[in-house]
Amino acid sequence: MATLARLTRKTLAVHRMLKPSIPSSSALLSRNYSAEPAKATTSPPPTTSDRVKWDYRGQRRIIPLGQWVPKIAVDAYVAPNVVLAGQVRVYDRASVWNGAVLRGDLNKITVGFCSSVQERCVIHAAWSSPTGLPAETSIERYVTIGAYSLLRSCTIEPECIIGQHSILMEGSLVETQSILEAGSVVPPGRRIPTGELWAGNPARFIRTLTYSEIKDIPKLALAINDLSGSHFSEFLPYSTVYLEVEKLKKSMGIPL
């Protein structure tokens, strides 16, 4: 009997050693259970001195290139998201509308008096022209450039209309009081004579303009200028000089 009792105690001892320990109810209640996952140990975040300080102010409208800085007349309207780079000059009462890009990095670009460059136009210039004509892009007075047009090293004389989606290549010349229909492509060195309507790819002569059509060309330029005035009034002047001008007018009795 004594031997059986010793064997029974040894068996119970071995069973207790092999049986996994079950925590008591008090131990379970004392534990802190959280729904958040455990945070992995990572390296500390880099300090501000380790980061490059970039300028994220958005698109720049005026981009100087070397010694060349774009020049805009006081009463010219240039939309906020227009890009003017390098040798670009926008004259009085001219307007350059949203999304247009005028890149004067190789040669000059001129937008004349009361002319308009409409939405998404791209205007640039080459070093030289294969025809020997001036390689700069010259848009003279009372010219309307339709939206999505591409102009490169061309000359447009006063009172012309360039239809939207038109392309004017290097050395092309559009003489005064002429009209290009939408989608026209003027090859390099091509001349559009005065008082004519051209269209097509490549552009071909369609007919001679009537007297009323010629008279309506500057009227369209003036109408676009009047429209740009309503957009221009949304922007404050660049300085406070206008306040001194108003005081001077009052002191001299000039009606405002």
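Quick look at the structure, then. This one's a predicted model, so the numbers in the text were calculated from it and none came from an experiment.

**Notes on helix 3 (residues 211-232)**
Move 1: With 22 residues, helix 3 ought to run about 32 Å at 1.5 Å a step, and its terminal C-alpha atoms sit 33 Å apart, in line with that.
Move 2: Taken as a whole, helix 3 carries its principal kink of about 25° at Ile-217; the proline Pro-218 stands between one and four residues after it.
Move 3: Among the residues of helix 3, those classed as buried are Ile-214, Ile-217, Pro-218, Ala-221, Ile-224, Asn-225 and Ser-228.
Move 4: Those residues of helix 3 that are buried lie in contact with strand 3 (77-78), strand 5 (95-96), strand 7 (116-117), strand 10 (143-145), strand 13 (160-162) and strand 16 (179-180).

**Concerning the nonpolar core**
Move 1: Core analysis: the biggest nonpolar cluster contains 35 residues, and Leu-102, Val-117, Ile-145, Ile-156, Leu-168 and Leu-180 have the highest contact counts within it.
Move 2: Of all elements in the fold, only strand 3, strand 4 (83-90), strand 6 (101-111), strand 10 and strand 13 reach the threshold of two or more residues within this core.

**Notes on the side chain of Ser-149**
Move 1: Looking at where Ser-149 falls in the secondary structure, it is placed in the loop between strand 10 and strand 11 (150-152).
Move 2: Polar contacts involving the side chain of Ser-149 include one to the main-chain amide nitrogen of Ser-166, which spans 3.4 Å.
Move 3: In contact with Ser-149, other than residues within four places in its own chain, are Arg-120, Cys-121, Val-122, Ile-162, Gly-163, Gln-164, His-165 and Ser-166.

**Things to note about the sheet that holds strand 13**
Move 1: One open sheet holds the eight strands; their spatial order is 3-5-7-10-13-16-19-20, and the pairing between them is mixed. Two strands in the sheet have a free side with no partner beyond their single neighbour: strand 3 and strand 20 (204-208).
Move 2: Bridge count for strand 3 against strand 5 is two bridges, and the pairing is parallel. Bridging across to strand 5, Tyr-77 finds its partner in Ser-95.

What counts and what doesn't
- Residues numbered from 1 in each chain as written.
- Predicted model: local features only at pLDDT ≥ 70, side-chain atom pairs only at ≥ 80, totals over all residues.
- Heavy atoms only, no water.
- Helix = DSSP H or I, 4+ residues; strand = E, 2+ residues; numbered from the N terminus.
- Expected span 1.5 Å × (residues − 1).
- Bend = angle between axes of the 7 residues up to and from the residue.
- Buried < 20%, exposed > 50% of the residue type's maximum accessible area, 1.4 Å probe, protein only.
- Contact = heavy atoms within 4.5 Å.
- Core = buried A, V, L, I, M, F, W, Y, C linked by side-chain atoms within 4.5 Å.
- Polar contact = N/O pair within 3.5 Å; in protein donor to acceptor, adjacent residues only side chain to side chain.
- Pairing = 2+ DSSP bridges.

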